[in-house]
Amino acid sequence: MITKEDALNLKYRDELHFKECRKKVGPRDGVKITNTIVRVNGKTKTWKRDLNRFEVPISHGLYDHGYIDERNAYDFHLPKDCPLLKE
Ligand SMILES: [Zn+2]
């Protein structure tokens, strides 16, 4: 989850993880990590009239662009909050 405070502290090119990060231990102890990394692509936007609202422009790869906002923020987390770090 990305909070508005997190969003305001993000810098251009910061990495964020989208949805669930998974680690799978395969045969011969090969560890496979599945995660989707997006990058901050511009400045976080906020609204004075609507304090809960925020928008972080992000990109995934070269052609995929979008926004994190207060409605989809649950789908993202900071690398330092990655559940894989706790395993
Ligand atoms: Zn993660």
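Structure: above.
Calculation notes
- Residues numbered from 1 in each chain as written.
- Predicted model: local features only at pLDDT ≥ 70, side-chain atom pairs only at ≥ 80, totals over all residues.
- Helix = DSSP H or I, 4+ residues; strand = E, 2+ residues; numbered from the N terminus.
- Buried ≥ 20, exposed ≤ 12 C-beta atoms within 10 Å, placed from the backbone.
- Contact = placed C-beta atoms within 7 Å.
- Core = buried A, V, L, I, M, F, W, Y, C linked by C-beta atoms within 7 Å.

**So, the overall build of the protein chain**
Next, step 1: Each helix and strand counted, the protein chain has one helix and six strands in total.
Next, step 2: The helix and strand sequence of the protein chain, counted from the amino end, reads α-β-β-β-β-β-β.
Next, step 3: Dimensions of the protein chain, computed from the C-alpha atoms along their principal axes, are close to 55 × 30 × 20 Å.
Next, step 4: Relative to its 87 residues, the protein chain shows a buried fraction of 15%.
Next, step 5: Nonlocal contacts in the protein chain, meaning residues at least 24 apart in sequence, comprise 47% of its contacts between residues at least 6 apart.

**Side note on the nonpolar core**
Next, step 1: Formed by Ile2, Ala7, Leu10, Leu16, Val38, Phe54, Val56, Ile58, Ile68 and Phe76, the largest nonpolar core amounts to 10 residues.
Next, step 2: Counting residues per element, this core draws most heavily on strand S4 (residues 54-60), at three residues.
Next, step 3: In this structure, Val38 is in contact with Leu16, Phe18, Ile58, Ser59 and His60, ignoring residues within four places of it in sequence.

**What to know about unusual backbone geometry**
Next, step 1: One non-glycine residue with positive phi stands out, namely Arg13, at about 80°.
Next, step 2: Positionally, Arg13 belongs in the loop between helix H1 (4-9) and strand S1 (15-25).

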